[in-house]
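An overview of the molecular structure
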Amino acid sequence: MNTFWKAAAAAALGLVLSGAAQAQSALNEVLDSGVLKVGTTGDWNPMSLRDPATNSYKGYDIDIMNELAADLGVEVEYVPTDWKTLVNGVVAGKYHLTGSASISPPRMKVAGFSDSYISVELFPYTTKDKADKFDGYDSINQPGVKVATTLGTTFEKRVREWFPNADIKVVEAPARGFQEVIAGRADVFITSNIEGSTLEAKFPVVRVKNAGPRSPSPIAMILPQADQVWINYVNNWIEVKKAQGFFEENRKKWGL
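Quantities reported herein were computed from a predicted structural model and do not represent experimental measurements. Note on numbering: residues in each chain are counted from 1, in written sequence order. Per-residue local features of the predicted model are confined to residues with pLDDT of at least 70, and side-chain atom pairs are confined, for both listing and counting, to 80 or more; whole-chain, interface and lining totals are unaffected and use all residues. Processing note: side-chain calculations cover all non-hydrogen atoms of the structure and skip hydrogens and water entirely.

**Some words on the overall build of the protein**
Numbered from the N terminus, helices here are DSSP runs of H or I no shorter than four residues, and strands are runs of E no shorter than two. Helices and strands together make up the secondary structure of the protein, namely ten helices and 14 strands. Its C-alpha atoms put the protein at 85 × 40 × 35 Å along the principal axes. Counting only residues that meet the buried cut, the protein has 46% of its 256 residues in that class. The contact criterion used is simple: two residues touch if any of their non-hydrogen atoms lie within 4.5 Å. Put simply, 71% of the contacts in the protein that link residues at least 6 apart link residues at least 24 apart. When the accessible surface of the protein is split by element, carbon and sulfur atoms take 53% of a total near 12,600 Å². Under this rule, positive means Lys or Arg and negative means Asp or Glu; His and the chain ends count for nothing. One atom stands in for each charge, and that atom is NZ of Lys, CZ of Arg, CG of Asp or CD of Glu. Distance from the positive charge centre (27 side chains) to the negative charge centre (29 side chains) of the protein: 4 Å. Only protein chains enter the accessibility calculation, which uses a 1.4 Å probe. A residue is then buried if its area is under 20% of the maximum for its type, exposed if over 50%, and partly exposed in between. The protein chains shown are the only cover counted for residues, whose accessible areas, like all others here, come from Shrake-Rupley with a 1.4 Å probe.

In structure tokens, the structure reads:
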């Protein structure tokens with residue numbers, strides 16, 4: 001009999017702990033507070049762009065987060081962050097989730113991810129006046145070639161892997177690698193096909209010829225790793241919105 005009651009007590013304690021864990025979910029916090037806190041860098045065109053004059057945001061990501069907040073019946077609060085601290089903000093509870101970010105093994109060690117809803121490929125870019133100097137990846141991986149990248153991004157890691165012989169220039173947000181190239185302080189930068197298309201339309205930059213796409217990467221939201229209740233909600237929301245055509249419509253709206 002004593003063994004029975006011990007087992008029963010253990011089971012009851014498990015239910016209590018399970019209920020407590022659920023009560024501590026970000027989902028409950030969002031619903032109770034009426035605010036969805038989203039970490040976003042505001043510097044990834046056309047995903048998330050911050051207007052410093054009005055401190056407002058626009059972009060593909062922003063439309064997604066506004067839609068998620070509307071379906072939750074809450075307001076959305078955008079929390080400024082940068083790429084090197086993007087994951088840390090989720091882990092520290094500064095925001096409930098992030099906008100789009102590449103799914104990567106290092107990030108997966110400390111944070112959770114939603115299901116993916118878009119993917120990107122990486123390309124090297126240079127300015128039009130330097131286009132004839134480069135032909136393929138090997139032409140970039142040379143001493144004297146300055147490759148600019150932003151600290152803490154997936155791009156930084158790839159630059160170091162692909163161009164170990166080049167002169168790598170790392171800048172810290174809010175500066176961006178492409179800005180160094182446009183300003184003439186570097187020769188090449190890499191970015192996604194998503195951002196690259198918007199930069200080509202706005203600035204005199206072009207893809208390096210004969211340098212095909214690399215590192216296809218699924219994109220998703222970053223969430224607290226242990227909060228399965230919140231992860232499940234967001235994943236199911238993504239599936240519903242995919243079925244309704246929301247993600248496809250938003251992709252076309254932003255030319256992705």
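**Describing the UniProt feature "domain: Solute-binding protein family 3/N-terminal" (unreviewed entry) in the protein**
With numbering matched to this structure, UniProt assigns "domain: Solute-binding protein family 3/N-terminal" (unreviewed entry) to residues 35-256. Overall, residues 35-256 shows 33% helix and 30% strand. The separation of its end C-alpha atoms is 29 Å. UniProt positions are given in the numbering used here, feature names are shortened, and annotations may be inferred rather than shown by experiment.

**Digging into the nonpolar core**
Counting 43 residues, the largest nonpolar core has Leu 36, Leu 97, Met 221 and Trp 230 as the members making the most contacts within it. At seven residues, helix H3 (residues 60-72) tops the list of elements feeding residues into this core. The contacts of Met 221, once residues within four sequence positions are left out, are Ile 64, Met 65, Leu 97, Thr 98, Gly 99, Gly 112, Phe 113, Ser 114, Tyr 117, Val 234, Trp 237 and Ile 238. For the purposes of this section, nonpolar cores are sets of buried Ala, Val, Leu, Ile, Met, Phe, Trp, Tyr and Cys residues that join through side-chain atoms within 4.5 Å. Counting residues in each nonpolar core, the second largest holds 15 residues, with Tyr 137, Val 159, Phe 163 and Ala 211 among its members.

**Notes on the environment of Pro 224**
If you trace the backbone, Pro 224 turns up in the loop between strand S14 (214-223) and helix H9 (228-244). As a C-alpha pair, Pro 224 and Ser 197 span 27 residues in sequence and 32 Å in three-dimensional space.

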